[in-house]
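Listed below are the residues making up each chain.
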Amino acid sequence: MKFETRSQFIENHPTRVRYDNPKMYRWTSWDANTPFAPVYDIPVYIDDCGDKISEDLVELLVTNDIGSRETWTEYNIFSRKEFVVGLLLDRIYQVYTEYMIELKEDPLPKDKLWIRGWGIKLNEDEDIPHHAHSFHENTYLSGNISLSNLDTTTDYYFPYIGWYFNYWELENKFGKMVIFPSWLEHKVQPNNTGEVRFSLGFDMFTEHTMKYISDNRNYSSVLQNIIMLSERMDHV
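## Quick word on the sheet that holds strand β2 (residues 24-28)
As summarised here, the arrangement of the eight strands in space is β1-β2-β3-β9-β6-β11-β4-β12, forming an open sheet in which the pairing is antiparallel. Sheet topology places β1 (16-17) and β12 (231-232) at the edges, where each strand pairs with a single neighbour. Of the strand pairs in this sheet, strand β6 (residues 141-146) and strand β9 (residues 176-181) are connected by five bridges, and their pairing is antiparallel. Bridge pairing in β9 places L141 opposite P181. The sheet contacts of helix α5 (residues 207-215) involve β4 (113-122) and β11 (197-206), and relative to β11 the element is tilted by about 75°.

Printed below as a string of structure tokens:
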């Protein structure tokens, strides 16, 4: 079998777990034969939020000038009262539920989940450098939604596998929603399309994170202050 790109190598890597549901992508390490063999579990779910929600989100971002790289940590788009925000929240929760069921995990109810979202506007030559959203014991889930139909990708770097095959490049189609563990590293290459690229990112938190911050509140912590902008999902 011939693969033309590194992304195709990753999608056909022997550690990929095949699901009947084509939206589920997952790679898990083989059973270890020594206590030092690498262990990983990389579950990624790809769906969409629909054209209507996506179109209304673009209008929301443009009309209210949301998406600046300088202010993305200062607000939560899920605190807004526009009707589309509630629709988006419900769609995210629906996709999250399907994702958890595929993983044979119990989805948490909305009153046990918090969410913070932000708009992203990339002008010509702007990029999003390699990063991850969380590396701690309370890490949960993150996601992104493409709100432009341009020739761009979001590139995910898998532990261990990425050392050999570099990034898994996912095409950014209008309305595409991707949910993944918050520790999964990723980036967006420079926008060379000649048009503005819009997207939306979000982080989901459990009560473990919120309780930890409540019990260890540090008002000088930028990270804590960002997370405390989150809304409980049943309040959106």
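Now that the structure has been shown, the text picks up again.
## Here's the deal with the nonpolar core
Ranked by internal contacts, the top residues of the largest apolar core, which has 41 residues, are F78, L88, Y96, F202 and M204. Every element with two or more residues in this core is listed here: α2 (51-63), α3 (83-102), β4, β6, β9 and β11. Among the elements that line this core, the one with the most residues is α3, at ten residues. Counting residues in each nonpolar core, the second largest holds 15 residues, with I10, I42, Y156 and F180 among its members.

## Re the sheet that holds strand β8 (residues 168-171)
Taken together, the four strands give an open sheet; going across it, the order is β5-β10-β7-β8, and neighbouring strands pair in antiparallel fashion. The open sheet has two edge strands with one neighbour each: β5 (128-131) and β8. Within this sheet the neighbouring strands show an average axis-to-axis angle of 20°, counted without direction. Pairing of strand β7 (residues 153-157) with β8 involves four bridges; the strand directions are antiparallel. Residue Y156 lies in a different strand from β8, and its bridge partner there is W168.

## What about α3?
Over its 20 residues, α3 extends 29 Å from the first C-alpha to the last, a length consistent with the 28 Å expected when each residue adds 1.5 Å. Every buried residue of α3 is listed here: V84, V85, L88, L89, R91, I92, Y93, V95, Y96, Y99 and M100. Two residues or fewer past α3, K104 is found with a positive phi of approximately 60°.

## Looking at the packing of aromatic side chains
Summed over the entire model, instances satisfying the criterion amount to 14 aromatic pairs. Relative to W168, the ring of Y25 lies with its centre 5.4 Å away and its plane at 45°, an arrangement referred to as tilted. Here Y25 is found in strand β2, whereas its partner W168 is found in strand β8, with 143 residues between them in sequence. Accessibility assignment for this pair places Y25 and W168 in one class, buried. Among the aromatic residues, those joined into a cluster by ring pairs are Y25, W27, Y156, F158, W168 and F180. Its end group placed over the ring of Y167, K187 keeps NZ or CZ at 4.5 Å from the ring centre.

## Description of unusual backbone geometry
A negative phi angle is the norm for most residues apart from glycine, just as the trans form is the norm for most peptide bonds. A positive phi angle is found at Y160, which is not glycine, with a value near 70°. Note that Y160 resides in the loop between β7 and α4 (161-165). One non-glycine residue, N166, adopts positive backbone phi at about 65°. Its location among the elements puts N166 in the loop between α4 and β8. A residue is classified by how much of its surface remains accessible, and N166, at 31% relative accessible area, is partly exposed.

## Brief notes about the pattern of salt bridges
A full pass over the atoms with the stated rule returns eleven salt bridges. In this structure, K110 and D90 form a salt bridge, with 2.7 Å as the shortest nitrogen-oxygen distance. Linking K110 in the loop between α3 and β4 with D90 in helix α3, this pair joins segments that are 20 residues apart in sequence. Its relative accessible area of 24% is what places K110 among the partly exposed residues. The partly exposed category is assigned to D90, whose relative accessible area is 40%. Connected through shared salt-bridge partners, K23, D47 and R91 make up one network.

## Observations regarding the pairing of β2
The buried fraction of β2 is high, at four of five residues. Bridge count between β1 and β2: two bridges; the pairing is antiparallel. Within β2, the position partnered with R16 by the bridge is W27. Counting the residues between successive antiparallel strands, the hairpin from β1 to β2 contains six residues. The pairing of β2 with strand β3 (residues 41-48) spans five bridges and is classified as antiparallel. Considered in β3, the bridge of R26 is made with P43.

Scoring rules and cut-offs
- Residues numbered from 1 in each chain as written.
- Predicted model: local features only at pLDDT ≥ 70, side-chain atom pairs only at ≥ 80, totals over all residues.
- Heavy atoms only, no water.
- Pairing = 2+ DSSP bridges.
- Helix = DSSP H or I, 4+ residues; strand = E, 2+ residues; numbered from the N terminus.
- Contact = heavy atoms within 4.5 Å.
- Axes fitted to C-alpha atoms, helices over the stretch in contact; angles between N-to-C directions.
- Core = buried A, V, L, I, M, F, W, Y, C linked by side-chain atoms within 4.5 Å.
- Buried < 20%, exposed > 50% of the residue type's maximum accessible area, 1.4 Å probe, protein only.
- Expected span 1.5 Å × (residues − 1).
- Phe/Tyr/Trp six-rings, centres within 6.5 Å; stacked < 30°, edge-to-face > 60°.
- Lys NZ or Arg CZ within 6 Å of the ring centre and 35° of its normal.
- Salt bridge = Lys/Arg side-chain N within 4 Å of Asp/Glu carboxyl O.

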